[in-house]
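Survey of secondary and tertiary structure
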Amino acid sequence: MAKRLQARRLDGIDHNPWVEFVKLASEEADVVNLGQGFPDFSPPEFAVEAFQHAVSGDFMLNQYTKAFLTMAKRLQARRLDGIDHSPWVEFVKLASEEADVVNFGEGFPDFSPPEFAVEAFQHAVSGDFMLNQYTKAFGYPPLTKILASFFGKFLGQEIDPLKNVLVTVGAYGALFTAFQALVDEGDESPIQKGEPDSSSNWQLDPTELASKFTSRTKAFILNTPNNPLGKVFSREELELVASLCQQHDVVCITDEVYQWLVFDGFQHISIASLPGMWERTLTIGSAGKTFSVTGWKVGWVLGPDRLMKHLRTVHQNSIDQCATQCQAAVAQSFEREQLHFGQPSSYFVQFPQYIQRCRDHMIQSLQSVGLRPVIPQASYFLITDISDFKNKMPDLPGAADEPYDRRFVKWMIKNKGLMAIPVSTFVSVPHQKFFDHYIRFCFVKDESTLRAMDQKLQKWKAELMP
Ligand SMILES: Cc1ncc(COP(=O)(O)O)c(C=O)c1O
């Protein structure tokens, strides 16, 4: 790549003495490690028991917990300007203020993760007490090893667990690390978006896409299968992105957290597996979405060493370590999955089948009140067209300049007891007007939750009757 790869903020911090000395020690036989700050004995019994209780008690502790944003006065650095409002926090708070609201806004399952994952976590918590301590900075070795062998086959690469894999705090941690490592102020990173030409067919416009690549373009951010559209990008579309990245010497950062959740026989393709793309692609995944354990917050990045070394610089100067026991549980879950892969017993076969039924259930229910769901090919989510409501009741409460979908979701939470996420929140302000007639629902929910939705929608339907 002719362009400068590493972001300027990494200058002078790309050497880490911890990594250097731990590596040196690991290369010699029989070195006693008194350098790193962690106990090599078991934590107190009560702490171990508290963790075991968390792991084998309420299964919802495997999912995301609440995020609070509290800022009494303006303290923030300039880089936070414009991003200090979180629609998730806003809508979750709104929903919590009303009695009996069913939450379809946030993307997490409200049922137990698969038995083998729960057991893997219990094993990590009650087994080797050293799993309570730091592990290798760039990833727990059994995890980096299984990620390398598992994904190596799909990407058609010999993946080195030490050079081509980084374990992060969820896929969000991976995205953050990649942006910090490679993108400077003034660099451009187009984020792909779709334009609808029919309700179930969102296509990239080749001319518009090509026009987004300039000499300043450093990285292209791809998300397939896509949230919120549920679209699986086709080989032709990926080839178009790949050729633009190659033509303009651009890195592709691809978020593929929903790669196993594909329906109706569609096929996910990793752009890194296309000719010439491994060398310029960072592929991001999430154990949360892979094994229905969003609260474990284990993610990863796979890519060539020349890109990964800059991500390691960010990681070693910020997070440095991810929770060892969570990593051990993910490693064991992948080891189990590798044994079953491609067979009917595979979680990656069974889970999408189950979730496809949830999707179909939700589609039928939403249609019953005149909502028009766009059928997703993959992911946790579907978006629903609310144009008919926009025409019938354009004057919902809210500020005049507030996008309609936001006002609609607020109204729906208050009056119908259902929470979704307005799609305009995914879009930059100038483009919000094109997306203010869509809202997003998560259908990865227990049958009882979907039935609770049915009841609310039946009531809504009865109110619509003349
Ligand atoms: C496309 C996409 N990427 C990343 C994430 C976050 O993944 P994680 O929880 O592993 O950070 C989400 C969560 O909803 C997502 O939809």
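Residues numbered from 1 in each chain as written. Predicted model: local features only at pLDDT ≥ 70, side-chain atom pairs only at ≥ 80, totals over all residues. Heavy atoms only, no water.

**Some points on helix H16 (residues 447-464)**
In this model, H16 (18 residues) spans 25 Å end to end at C-alpha, consistent with the 26 Å of a helix rising 1.5 Å per residue. Among all positions of H16, only Thr449, Leu450, Met453, Lys456, Leu457 and Trp460 are buried. On an axial view of H16, the arc spanned by its buried residues comes to 120°, and they lie on one face. For H16, the exposed residues set more than 90 degrees away from the buried face come down to Gln455 and Lys459. Those residues of H16 hidden inside the fold are in contact with strand S1 (102-103), helix H12 (347-367), helix H13 (387-392), helix H14 (404-416) and strand S11 (418-419). (Helix = DSSP H or I, 4+ residues; strand = E, 2+ residues; numbered from the N terminus. Expected span 1.5 Å × (residues − 1). Buried < 20%, exposed > 50% of the residue type's maximum accessible area, 1.4 Å probe, protein only. Arc of directions from axis to C-beta. Contact = heavy atoms within 4.5 Å.)

**As for the domain arrangement of the chain**
Structurally, the chain comprises domain 1 (85-107 + 347-464) and domain 2 (137-340). Carbon and sulfur atoms make up 63% of the area that domain 1 and domain 2 hide from each other, which totals about 2,500 Å². Looking at the side of domain 1 facing domain 2, the largest losses of area belong to Tyr347, Phe348 and Gln377, adding up to 32% of the total buried there. Inspection of the region where domain 1 meets domain 2 yields one salt bridge. A salt bridge links Asp264 to Arg359; the shortest N-O distance between them is 2.8 Å. If you look at where domain 1 meets domain 2, you find twelve residue pairs in polar contact (both at pLDDT 80 or more). Where the side of domain 1 that touches domain 2 is concerned, the elements lending two or more residues are H12, strand S10 (381-385) and strand S13 (438-442). Counting residues per element, the side of domain 1 that touches domain 2 draws most heavily on H12, at seven residues. Residue composition of the side of domain 1 that touches domain 2, by class: 17 nonpolar, five polar and two charged. (Domains from an automatic or database assignment. Buried area = accessible area lost by both parts, 1.4 Å probe. Salt bridge = Lys/Arg side-chain N within 4 Å of Asp/Glu carboxyl O. Polar contact = N/O pair within 3.5 Å; in protein donor to acceptor, adjacent residues only side chain to side chain. Nonpolar A, V, L, I, M, F, W, Y, C, P; charged D, E, K, R; others polar.)

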